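# Fold and contact review
Chain residues, written in single-letter form:
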Amino acid sequence: MRRTSASLVAGALVAALAWASGPSSPAIALEPSPGVADLTQDLNQILADSRLTIAQAGVVVRSAANGEELYATDAGKLLMPASNTKLFTSAAAAEVLGLDYRFTTSVLGAGRKSGPVLNGDLVLRGTGDPTLLAEDYDALAAEVAKAGVKLVTGKLVADDTWFDDVRLGQDWAWDDETAYYAAPISALTASPDRDYDAGSVVVSVAPDGDRVKVSTTPETGYLKIVNNAKTGSSTDVLIERKHGTKTVVISGTVASTYNEWVAVDDPTAYAATLFRDALEKRGVRVLGKTTTGAAPEGAKELAKKESMPLSELLVPFMKLSNNIHAEILTKAMGRKVAGQGTWAAGLKASTDFARANGVQVLNLRDGSGLSRRDGITPTSIAQLLLAVRDKPWYPTWYASLPIAGNAERFVGGTLRSRMRDTPAANNVHAKTGSLTGVTALSGYVTSADGEPLVFSIMLNQYLSSSPKDIEDKIAVRLAQFSRNAPVDAAVQLKSATQDHPDLECSWLKPAQC
């Protein structure tokens, strides 16, 4: 049974006044303003949708101007947040790491240099940069060559010890292991393009006469490709990496170019392969094999690459809901706060930040929300949204949130196809969230009166079609909220049709969404 905050507040005030005044004084009931009562009625109507009959639905709306709770239903229930978890991870990262934080990747010489010969090992050391592209590894190799190194007598050592060697979240689904949005986490990794899906490769197929041509972005021999696909009149192709291997099997029919983002099995080995290939192209020969390990004391820096600052990384991270960024930032926080690049240390940093800002109920198992054991209440999210408004980094963080109905990919993000041509378009700044049977939308909206509001909508355990349109209807209604004026019911429920309602837009990649 849903109960709204307006009725609860009114009831509490009646009881308090009756107790204080004694039996000789009549109790005075304080009615909500017409606009709040109208909002309560409309949100109850939206949430009466039959898809939520057996589901869990937690919603809270508060004024950002004074913290007043305007609506709440099951707002204190612990629910699965999906990617709404990233609100906590990104805010904690802005606080703990700072907006100027950059990841550094360096190349070190561990040995004595004699002319063009390095008598010892060459070390590639990473700190988690998720934005490194093949061209960046090439630039590092070019710097090594510019430093006069032509021959390395020892090994190529990949130093990923800035983080621990736990690659996957302990609660992540087994069948996501090969998916790019659940790629392994390492302090040394690489992305295929400027979406920065670290730890993945784009595998492309296209008809080439009577055969199917396969290519990868970046070009790499790291993966073993088994091409069983055939040309046909339509494209119905499966590109899938076998669990725990480097082998990608392609089957089905191909009539036009098709791309699939595939997670690698070992991002450290993958990054080292890109770097070794780049060294060879730049005329630097490494005699020894590729190994992993920590750079020895006294190793001298030959090349260095710094990432964009966190202030810029927040845009692809939050707009496109990048899971890998969330996990890398989590481990980076752990490394800074506790000297340990682990999930445990990083999640403690996120949780400590949330607690310090008034969040009461929070259970974080990862930084992205992939875990189905993450638990957050709508009230906790609303508290975070209110608290961070006073932070010096808030304007940058707020700008990184997806914006409803804005078609620009790095502006609208995962909300770019939602709430178009409604009062919520270019108004709602909010984080989406999706897992099977889970959807969430939490963020900010300005009412028709110009009042800033925060809201959190969390819908769990539905079995039928996605109820994301319910989130949209609520957000649109909030954009039309006026404290003293009713809203036309025919307009308030308007919501843009979604092309792919069951998935995060970012999961579908640019050509499909």
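Please read these numbers as outputs of a predicted model, since none were measured by experiment.

In spatial order, the strands read E8-E7-E13; together these 3 strands make up an open sheet with antiparallel pairing. The open sheet has two edge strands with one neighbour each: strand E8 (211–217) and strand E13 (258–263). For this sheet, the mean inter-axis angle between neighbouring strands, taken without regard to orientation, is 25°. With 7 bridges joining them, strand E7 (residues 200–208) and E8 adopt antiparallel strand pairing.

Glancing now at the pairing of strand E20 (residues 438–446). Looking along a regular strand, one sees the side chains alternate between the two faces of the sheet. The element E20 is extensively covered by neighbouring structure, given that 8 of its 9 residues are classed as buried. As paired strands, strand E19 (residues 429–435) and E20 are joined by 7 bridges and run antiparallel to one another. From the neighbouring strand, Ser434 faces E20, where its bridge partner is Thr439. Between the antiparallel neighbours E19 and E20 lie 2 residues, among them Gly437 with a positive phi of about 75°. Where E20 folds back onto strand E21 (residues 452–460) in an antiparallel hairpin, the turn is made up of 5 residues, including Gly450, whose phi is positive at roughly 85°.

Bringing the packing of helix H3 (residues 85–96) against helix H7 (residues 323–338) into the picture now. Relative to each other, H3 and H7 sit at 40°, their axes nearing to 10 Å. Our classification of the angle between H3 and H7 gives oblique. As H3 packs across H7, the resulting crossing turns out to be left-handed. Contacts between H3 and H7 involve Lys86, Thr89, Ala92, Ala93 and Val96 on the former and, on the latter, Asn323, Ala326, Leu329, Thr330, Met333, Lys336 and Val337.

On to the packing of aromatic side chains, then. In the structure shown here, the tally under the stated rule is 12 aromatic pairs. With a centroid separation of 6.3 Å and 75° between ring planes, the pair formed by Trp393 and Trp397 is classed as edge-to-face. Across the pair, Trp397 and Trp393 agree in class, each one buried. A centroid spacing of 6.5 Å and a plane angle of 90° characterise the contact between Trp397 and Tyr444, whose relative ring orientation is edge-to-face. Taken as a pair, Trp397 in helix H10 (residues 394–399) and Tyr444 in strand E20 lie far apart in primary sequence, 47 residues in all. The same class applies to Trp397 as to Tyr444, namely buried. One aromatic cluster in this structure is built from Phe353, Trp393, Tyr394, Trp397, Tyr398 and Tyr444. The ring of Trp343 carries Lys331 above its face, with NZ or CZ at 4.1 Å from the centroid. Sitting over the ring of Trp162, Arg335 keeps its end group 3.8 Å from the ring centre.

Direction vectors running N to C along helix H6 (residues 310–319) and H7 enclose 145°, while the axes themselves pass 9 Å from each other. For the crossing formed where H6 meets H7, the hand is left-handed. Judged by residue contacts, Leu310, Leu313, Pro316 and Phe317 of H6 engage His325, Ala326 and Leu329 from H7. Residues of the contact of H6 with H7, tallied by class, amount to 6 nonpolar, 1 polar and no charged.

The rules we used
Starting from 1, residues in each chain are numbered consecutively following that chain's sequence as written. Totals for whole chains, interfaces and linings use all residues, but because this is a predicted model, local features are given only for residues with pLDDT of at least 70 and pairs of side-chain atoms are given and counted only at 80 or more. As a rule here, side-chain values come from all non-hydrogen atoms in the structure, and water together with hydrogens is ignored. Two strands are said to pair when DSSP picks up at least two bridges between them. Only DSSP runs of H or I reaching four residues or more are called helices, and only runs of E reaching two or more are called strands; each is numbered from the N terminus. Here an angle of 0 to 180 degrees is reported between the N-to-C directions of two axes, which are lines fitted to C-alpha atoms, with helices fitted over the stretch in contact. Categorising residues by exposure relies on relative accessible area from a 1.4 Å probe, with only protein chains included: less than 20% of the type maximum marks a residue as buried, more than 50% marks it as exposed, and the intermediate range marks it as partly exposed. Oblique is the label for every angle not falling under 35 degrees (roughly parallel), over 145 degrees (roughly antiparallel), or within 65 to 115 degrees (roughly perpendicular). Left-handed describes a crossing whose near helix is turned anticlockwise from the far helix by less than a right angle; the clockwise case is right-handed. Between two residues, a contact is recorded if the distance between any of their heavy atoms is within 4.5 Å. Aromatic pairs are defined between Phe, Tyr and Trp rings, using the six-membered ring for Trp, whenever the two ring centres lie within 6.5 Å; interplanar angles under 30 degrees are classed as stacked, those over 60 as edge-to-face, and all others as tilted. Working rule: Lys NZ or Arg CZ, within 6 Å of ring centre, within 35 degrees of ring normal, means a charge sits over the ring. Gly counts as polar in this scheme, as do all residues outside two lists: the nonpolar Ala, Val, Leu, Ile, Met, Phe, Trp, Tyr, Cys and Pro, and the charged Asp, Glu, Lys and Arg.

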